[in-house]
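# Coordinates in review
Take a look at the letters that make up each chain.
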There are 4 protein chains.
Amino acid sequence: MSNNLKIGVIGAGRIGKIHSENIARFIPQAKLEGIADIMLSPEQEAWARGLGAQVVSKDPKDLLENPEIKALIICSSTDTHADFTIAAAKAGKHVFCEKPVDVSIPKVMSALEEVKKAGVKLQIGFNRRFDHNFARIREYTKSGAVGDVHIVRISSRDPAPPPVSYIKVSGGIFMDMMIHDFDMARFQAGSEITEVFTNGAVLVDPEIGRAGDVDTAVVTLKFANGAIGVIDNSRKAVYGYDQRVEVFGSKGAAQAENDAPNTVKLSNETAVIGEKPLYFFLERYKQAYVDEVVSFIDAVLNNKDTAVTGEDGLENMYAALAAGKSLKEGRPVKIEEVK
Amino acid sequence: MSNNLKIGVIGAGRIGKIHSENIARFIPQAKLEGIADIMLSPEQEAWARGLGAQVVSKDPKDLLENPEIKALIICSSTDTHADFTIAAAKAGKHVFCEKPVDVSIPKVMSALEEVKKAGVKLQIGFNRRFDHNFARIREYTKSGAVGDVHIVRISSRDPAPPPVSYIKVSGGIFMDMMIHDFDMARFQAGSEITEVFTNGAVLVDPEIGRAGDVDTAVVTLKFANGAIGVIDNSRKAVYGYDQRVEVFGSKGAAQAENDAPNTVKLSNETAVIGEKPLYFFLERYKQAYVDEVVSFIDAVLNNKDTAVTGEDGLENMYAALAAGKSLKEGRPVKIEEVK
Amino acid sequence: MSNNLKIGVIGAGRIGKIHSENIARFIPQAKLEGIADIMLSPEQEAWARGLGAQVVSKDPKDLLENPEIKALIICSSTDTHADFTIAAAKAGKHVFCEKPVDVSIPKVMSALEEVKKAGVKLQIGFNRRFDHNFARIREYTKSGAVGDVHIVRISSRDPAPPPVSYIKVSGGIFMDMMIHDFDMARFQAGSEITEVFTNGAVLVDPEIGRAGDVDTAVVTLKFANGAIGVIDNSRKAVYGYDQRVEVFGSKGAAQAENDAPNTVKLSNETAVIGEKPLYFFLERYKQAYVDEVVSFIDAVLNNKDTAVTGEDGLENMYAALAAGKSLKEGRPVKIEEVK
Amino acid sequence: MSNNLKIGVIGAGRIGKIHSENIARFIPQAKLEGIADIMLSPEQEAWARGLGAQVVSKDPKDLLENPEIKALIICSSTDTHADFTIAAAKAGKHVFCEKPVDVSIPKVMSALEEVKKAGVKLQIGFNRRFDHNFARIREYTKSGAVGDVHIVRISSRDPAPPPVSYIKVSGGIFMDMMIHDFDMARFQAGSEITEVFTNGAVLVDPEIGRAGDVDTAVVTLKFANGAIGVIDNSRKAVYGYDQRVEVFGSKGAAQAENDAPNTVKLSNETAVIGEKPLYFFLERYKQAYVDEVVSFIDAVLNNKDTAVTGEDGLENMYAALAAGKSLKEGRPVKIEEVK
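Residues numbered from 1 in each chain as written. Chains lettered and ligands numbered in written order. Predicted model: local features only at pLDDT ≥ 70, side-chain atom pairs only at ≥ 80, totals over all residues. Heavy atoms only, no water.

So, on to the relation of the copies chain C and chain A. Turning chain C through 180° and shifting it by 0.0 Å along the axis lays it on chain A, with an RMSD of 0.0 Å. In short, the pair behaves as if placed about a two-fold rotation axis. Residue Arg331 of chain C of chain C places its C-alpha closer to the rotation axis than any other residue of that unit, at 2.9 Å. Both copies share a contact surface, since 100% of the interface residues of chain C are interface residues in chain A too. (Least-squares fit on C-alpha atoms with pLDDT ≥ 70 in both. Contact = heavy atoms within 4.5 Å.)

This is the structure we're talking about:
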């Protein structure tokens, strides 16, 4: 098992737990060597020990300075991502960083620079690229089955809005929610976004409007290769988590529907009744969370490019910034304008 | 328009009306020349004139003896089918006869003999062979896309039982209802039925049981080519007219789902809700009623074999008889036993 | 049959034939009294006579001046629509006019004025409102099943582009093709469009670009009620005629998929293979063409408002003009700007 | 964690590995205390240690006699199931036994008697009851949504036949393969099978016939509650693992389709192309293998009846024996005849 990559996880919150358990259970080519969280509770410590972690600490330095650990997964609060990324890079460790690297572009850039200098791998946690449905569409677009891409169409709607207190610090719908869809659009189009135009509205909850954000948005995109994209977001789809992608091209179209918990249909006097889509993002993207880390480990062990680079993270942020600016100014905004 | 086939329709009830209107509206290669019904009402007469029929009469002889009329569609009551078929054949007219030719095998045989002697075409009204779904499956089985046929699976369920008064004179579920499915099974298997075994029960309405019939039946079939078939019938599917066929073979399976009035799905807090299947057989098989007559006219005008022969009608009846016998005797019955 | 509405059809081209045959075959509450076409061929004359038309002429005046005829269906070339509408109104006849009434807004307005003055009914041929799928969605939005409308999403793609010669005189993709989708969007949103923004590209055929048009377009809409819309059009979907609508609201979403010629799925070693959508618009909207005229006749006979008014036609044109302007100027355009 | 159930697994083959890993990874209310396999290899030992098993041995007695272990999962070769069940019962341990308990009815009966005497829990590994699709159908039948059950229809087809060497010792298609479907039929009908009739054929591979078995079978069932069942089996569905269930009743029908690896559809010039069903049973029933053990543990910890009892196993065997007898004798066979 010399190929075994020893990994440390910084941050033992919801997403840190997911990654830690995935590594411990499903990823034999890695070993969960350590877990650090500055607020580590006794329960978290017991849980971490139960997963077999050797180093369990309140001090991330215990991971950063541990020579056994070759890669770090950064799941701490967003405002610490860039600093940990830089520290990890300086320590010569590969980095898988949850999105976003930071909310400030210059800070992201300096982190990326440090990563480059150190020659370590960096992957950003845009997990949806690894979703079984969306990855299958990408296979079709890559294989040429769809031909030249003409239109990318994404519907991405949450089952319920987060608390307004969260929305206030989230960076807004484009940076917090649609950023995943910008990544998906770029991934599927195989091209960079050059211009965005935003329609936004407060239709779900006026509190969201008072917090300075919108809860419903439709954004159109121009891509460098000439294709057109459109993303619609809503903070509240009462029927569950709605995640659909369609790529239309010169040779056909590939279209992913939602996942449901089962295939059963009940036919009765009234209707034919099927299941709603899976409600919760952790359930919907369960396997994608495993597969993105598997991909990262493969990149590290076999010296490949990571599947979602720091530049991807940066481009997605530019799109989000441009979308916000477009909404504010009521005009299409070129990506160049926000670079 | 020398190719135009002049047709007479005997019987102006529900199905006679369907055929008459279809010819008048949709089948330019034929002309609805005459309509006869021994109980012809003034309303029926007006309707017939409105369709352009030249001969409208209470006496079928007016059609049988009319030299302009080259083919007859027999839609009168079942007990008159054989006699009109014989009379038509003797008059040198081609015959499209609604199923069954008769409920008595010897009478059917003598009608078939007369048809043969006269050298006229005979088609029996097993319209489901012309259904867009089932015809598509047959294309797949014929083209070899399914390979050798191993299993034919048919679900055929009515939305509601007919009146018990009808059931008493209907010949029973096998002769009245499942006979369509025997025809479909033979059509899809491309082979004759050699043995049947019946499970039957009275689960819908005890009155049907008191009338000496069952309302729910599952019949398994052996085919001459080694394939196995299974048909299930119910007199009452609360969600509508359930008509599905599946052919499973060495290279794959072809499967037809029900038709629905529209494709809309409503997703709400409760479920994803779609439309029930079309409820009524005339709606479900609307186009099939046109296409079977088009096929008959083509056989007449271009001297081809008809798509559903008198022998098909006979074989379907043998299967129905054997199914009834199997139910009664609680054992598998070979078709030979009822021949 | 005193309720019988006698109708004249002006123009015996493709769409005039459809309406004439539909009235003759399927609409008992109307009678096809006359057909006029300035280029009437002997074949067209025979066809018109075959449908039972009493007046068959090269001169539309023969219909306009016929006191028996109470309503006219105008299917002549677009440049004559307004004049015939005006003439019909002056003659006191109700008008069903194929879209558009004219390509010039002032001409449309004067036609509408004349119609108003005459107090006759006017319906414009936006047939898709009568489509079984889209009408079902509208039922859901009207009944409140979808709640407040937040997003209307329309994909509308043709199987193949028309000849470039046609495109040159068509008024462009927005006036010729997307105008149907503007109507659908307004119909489903139950609100007027207030602003549009256009992304357009030449991705299908450079000749279309040289003709001054685009062949691929995504247009976002703002509605007066706060909802957001998005329409995507392509002149070429290789898999057939792609016509889908989705309405997303506070209580759920209603979504229509394409129609296919049958429901059969073939499962083999490679895949599960289903039918492509219906290819041709006349097949896809076959019943809608009947139902829009039935609705018109109902409005006339029972003195109701028509389902698609002249004002609807006008609003759709404003949207098309604004979409073209938005594409040209690269900015969102308010409908007011083009009024 | 006093509620934690310590479990031993006997047999470290394919299915023993599944259960062991599931307990170690997904079932926090249990602990994988020991693993025994009489042929234990060094690799298996390392794997068992890696899962945290304290006792890893070639001798099952090390589990049977370990006072810490409260329940045993028996995954050894079929001929040892009954003996281990008896030994476990005598040792006061609860038993989860893979199906079948034995191929000889008397041996099964004496094992069941021993279990009863010892007062321990016994669950048989009919995992499909825990499948997300089939469990959902059962919810519908239990809640009354389907009304009285009239017809249970099961298609169950393997992607490829096992080696003929296996078939020779398998007990035949009814005991080896269809036994799962007998269990499913009884589970869904909520009633016992009283009579079976079998159609069987050798259509996949003549070698299977030479081994004295059939590879294609359709079996109809009578249930004590009057319902009718039908099961079709094939050893080879080229498109993958085909597992569908439908329950039709007085108030409606519940129908489960196959699971596919993703929801993507590719529409191109030829067709609309979707994914084949999941190919492999371990993938198809992945979660069901977890859930059956969770259910067993719940029964043990909370002193409930197990979800699949020894009597269930016995009834399924009777059905399989009767189906074989029916095929051989060409007549319907009552379950009583084989008791």
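Before going further, it helps to spend a moment on the sheet that holds strand E6 (residues 122-124) of chain C. Residue and element names in this part refer to chain C. Overall, parallel pairing links the six strands, which are arranged E3-E2-E1-E4-E5-E6 in an open sheet. Edge strands, defined here as strands with exactly one partner in the open sheet, are strand E3 (55-57) and E6. Pairs of neighbouring strands in the sheet enclose a mean axial angle of 20°, with direction left out of account. Sheet analysis places strand E5 (residues 94-97) next to E6, joined by three bridges and oriented parallel. Along E6, the bridge assignment pairs Val95 with Leu122. Sheet contacts for helix H1 (residues 14-26): strand E1 (5-10), strand E2 (30-36), strand E4 (71-74) and E5; angle to E2, the most-contacted strand, approximately 150°. Here helix H4 (residues 78-90) sits on the sheet in contact with E1, E4, E5 and E6, set at roughly 165° to E5. (Pairing = 2+ DSSP bridges. Helix = DSSP H or I, 4+ residues; strand = E, 2+ residues; numbered from the N terminus. Axes fitted to C-alpha atoms, helices over the stretch in contact; angles between N-to-C directions.)

All right, on to helix H2 (residues 42-50) of chain B then. Because an α-helix completes one turn every 3.6 residues, residues spaced three or four positions apart along the sequence face the same direction. Residues and elements named next belong to chain B. Taken residue by residue, H2 has Gln44, Trp47 and Ala48 as its buried positions. Seen end-on, H2 carries its buried residues on one side only, within an arc spanning 100°. For H2, exposure combined with an orientation more than 90 degrees from the buried face picks out Pro42, Glu43 and Gly50. Those residues of H2 that are buried lie in contact with helix H1 (14-26), strand E2 (30-36) and strand E3 (55-57). (Buried < 20%, exposed > 50% of the residue type's maximum accessible area, 1.4 Å probe, protein only. Arc of directions from axis to C-beta.)

Another point: the interface of chain C and chain D. One widely used convention gives an interface's size as the accessible area the parts lose upon coming together. On the side of chain D, 13 residues touch chain C, which itself brings 13 residues to the contact. Here chain C and chain D share an interface that buries about 1000 Å² over both sides, 64% of which is from carbon and sulfur atoms. Ranking the residues of chain C by area buried against chain D places Glu269, Val272 and Lys276 of chain C at the top, with a combined share of 39%. Summed over the shared surface of chain C and chain D, the result is zero salt bridges. Linking chain C to chain D there are four residue pairs in polar contact (both at pLDDT 80 or more). No other element matches the three residues that strand E14 (residues 272-274) of chain C contributes to the side of chain C that touches chain D. Across the side of chain C that touches chain D, the residue classes break down as six nonpolar, four polar and three charged. Two elements, E14 of chain C and strand E14 (residues 272-274) of chain D, share three bridges in a ladder whose sense is antiparallel. By the bridge assignment for E14 of chain D, Ile273 of chain C is matched with Ile273 of chain D. (Buried area = accessible area lost by both parts, 1.4 Å probe. Salt bridge = Lys/Arg side-chain N within 4 Å of Asp/Glu carboxyl O. Polar contact = N/O pair within 3.5 Å; in protein donor to acceptor, adjacent residues only side chain to side chain. Nonpolar A, V, L, I, M, F, W, Y, C, P; charged D, E, K, R; others polar.)

Let us look at the interface of chain C and chain A. Taken residue by residue, the interface counts 42 residues in chain C and 42 residues in chain A. For the chain C and chain A pair, buried surface summed over both sides reaches about 3000 Å², with 62% attributable to carbon and sulfur atoms. Remark: the boundary between chain C and chain A carries nine residue pairs in polar contact (both at pLDDT 80 or more). The element that contributes the greatest number of residues to the side of chain C that touches chain A is strand E9 (residues 216-223) of chain C, accounting for six residues. Each residue belonging to the side of chain C that touches chain A can be placed in one class, and the counts come to 17 nonpolar, 13 polar and 12 charged.

Next up on the list: the pattern of salt bridges. Enumeration according to the criterion identifies 129 salt bridges over all chains in this entry. With a shortest N-O distance of 3.9 Å, Lys222 of chain A and Glu195 of chain A are connected by a salt bridge. Pair noted here: Lys222 of chain A is in strand E9 (residues 216-223) and Glu195 of chain A is in strand E8 (residues 193-201), with a separation of 27 residues, a long-range link. Between Arg331 of chain C and Glu337 of chain C there is a salt bridge, with its nearest N and O atoms 2.7 Å apart. Among the residues examined, Arg331 of chain C registers a relative accessible area of 27% and is labelled partly exposed. Residue classification places Glu337 of chain C among the partly exposed positions, given a relative accessible area of 38%. Look at the salt bridges and you will find they share partners, linking Arg153 and Glu246 of chain A together with Arg157, Asp232, Asp242 and Arg244 of chain C into a network.

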